[in-house]
Amino acid sequence: MSTTTHPALLLDGVERTHGTGPTAVHALRGVSLAVEPGELVAVMGPSGSGKSTLLNVAGALDAPTGGRVLIDGQELSALGRKQLDRLRRRTMGFVFQDLNLIPSLTALENVSLPLELDGVALRTARAAARAALDKVRIPELADRFPEQLSGGQQQRAAIARALVGDRSLVLADEPTGALDSTTGEAVLRTLRQQCDDGAAGLLVTHESRHAAWADRVIFLRDGVVVDSTGDAATPESLLDRVV
Amino acid sequence: MSIKHSLLALLHEGPMYGAQLRGEFEARTGGTWPLNVGQVYTTLSRLERDGLVAGAGAPDDEGRIAYELTDAGRAELDAWWSVPVGREQTPRNELAIKLALAVTLPGVDVQQIVQTQRTATMTHLRDLTRLKRTADGEDLAWELVLESLVFADEAEIRWLDHVEARIARLDPSQAKASRTAHVASAGSAGVREAVTRR
Ligand SMILES: Nc1ncnc2c1ncn2[C@@H]1O[C@H](COP(=O)(O)OP(=O)(O)O)[C@@H](O)[C@H]1O
Ligand SMILES: [Mg+2]
């Protein structure tokens, strides 16, 4: 690997222990992982295996108790709070199961807000927000308020908000949780597209059909990566097996 | 499905003759895949020819010969446990048999078998999904075939998750122990009872 390019996300021996003493919970026990630009990595594992903790640590929402986290080659522990906030707003997009759409803002305003907070001019921010709503295929719902949207439409708006303004690292925790399977697939298609366009993605999911959209799937158990899928097969070898 | 490997797995417990092997196989797989004695003896003689089993002493009063594993047979069995079941053979059956045998035998790392299989199946599912993404909606028959494979993979992974959860529930201390080296046979007899009772 060249010394001038960095993985979009690098976890190096990351540990996260909640609490201390006999009741301490070792949610992550030495996790190492690199996600390159253009790559979508899925994380699977039983409930309680540390998936959400991993995602929160990768997104600088939670600090590791051991090891290092680097975003674009920048070590997070070296950054101050303001710099972290900025990094989160500019570089990262988050999709969580609870959508956190602001009820008093329209879909368009919700999507545009992160850019506006970041000092982007209103016109530019709104144009980018429209493009993002386009991408998730709900441009016609731009002026509706969250309560006027179905669950699936709200989820798409939340994803548009996570992707707006070319985020280079997208972190999603069970983003298809409450969705029917067609909408769930549309969400995955959008995430996949963002990564094909150059973003790095980390996706937590318990559904194998969704994890299958990733380039690589890693399996967590008790805070440890126990396995990971290898390189892709050629289409020819797959066809051989089918026919 | 692999009769060959199933017999090797059963012989791991000690020498047995053909009818015993058949009885044990059916008891452990719930009679879902009946074997006839002829199949068992044909397979045994092939295994003997290949040096994987050998006669264990003289015939008994009724003229039955017990077979036992050779070192090569043990190595073949170890390889079977560690390699995931291929998609090209009747996969569901061999996998179910493999796990049915694995939970009834001492010293087999069931959790590792489950994880190895899950990774292989997940890799296959990812590759199918990649292929499906390139489909343009023009070839319905082709996409339906792909989707049938996707559903089969998904079902297998869900079942593997279920197997893992059941083993963990059975006795957490034992699930932990089985991850390391050899499980005490008392512990695994507990698993076996829970599986063969029902
Ligand atoms: N804030 C916290 N305080 C104490 N324990 C926690 C906290 N967050 C998570 N945990 C524990 O850490 C482990 C991993 O949790 P989590 O990352 O949410 O797992 P997953 O997302 O895979 O279900 C669990 O045992 C959980 O109970
Ligand atoms: Mg979680």
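Residues numbered from 1 in each chain as written. Chains lettered and ligands numbered in written order. Predicted model: local features only at pLDDT ≥ 70, side-chain atom pairs only at ≥ 80, totals over all residues. Heavy atoms only, no water.

Engineer: Outline the overall build of chain B, listing residues and values.
Structural biologist: For chain B, the helix and strand inventory stands at 9 helices and 2 strands. Moving toward the C terminus, one meets the helices and strands of chain B in the order α-α-α-β-β-α-α-α-α-α-α. In chain B, which comprises 198 residues, the share counted as buried stands at 44%. Of the roughly 9,800 Å² of accessible surface on chain B, a fraction of 54% belongs to carbon and sulfur atoms. (Helix = DSSP H or I, 4+ residues; strand = E, 2+ residues; numbered from the N terminus. Buried < 20%, exposed > 50% of the residue type's maximum accessible area, 1.4 Å probe, protein only. Areas by Shrake-Rupley, 256 points an atom, 1.4 Å probe, with all protein chains shown as cover.)

Engineer: Could you give an account of the pairing of strand β4 (residues 66-71) of chain A, naming the residues involved and the relevant values?
Structural biologist: Residues and elements named next belong to chain A. Taken together, the 5 bridges between strand β1 (residues 9-18) and β4 define a ladder with antiparallel strand orientation. Residue pairing in the sheet places E15 in a bridge with G66 of β4. Relative to strand β5 (residues 74-75), β4 runs antiparallel, the two being bridged by 2 bridges. In the strand pairing of β5, I71 is matched with Q74. (Pairing = 2+ DSSP bridges.)

Engineer: Let's hear about the layout of surface pockets: which residues, and what values?
Structural biologist: Residue and element names in this part refer to chain A. Size it by volume and the second largest pocket reaches roughly 400 Å³. Every residue lining the second largest pocket is counted, 17 residues in all, and those nearest its centre are R89, M92, F94, P114 and R161. Contributions of two or more residues to the lining of the second largest pocket are made by α2 (81-91), β6 (92-95), α3 (107-117) and α5 (151-163). By residue class, the composition of the lining of the second largest pocket is 9 nonpolar, 3 polar and 5 charged. (1 Å grid on protein atoms, 1.4 Å probe; cavity = no way out; pocket = protein on both sides within 12 Å on 5 of 7 lines; lining within 4 Å. Points joined across faces, edges and corners; volume = space filled by probe spheres on them. Nonpolar A, V, L, I, M, F, W, Y, C, P; charged D, E, K, R; others polar.)

Engineer: For helix α6 (residues 110-133) of chain B, give the residues involved together with the corresponding values.
Structural biologist: Under the 1.5 Å per step criterion, the end-to-end length of α6(B) is 34 Å for 24 residues, consistent within 8% with the ideal 34 Å. With 20 of 24 residues buried, α6(B) is to be regarded as a mostly interior element. (Expected span 1.5 Å × (residues − 1).)

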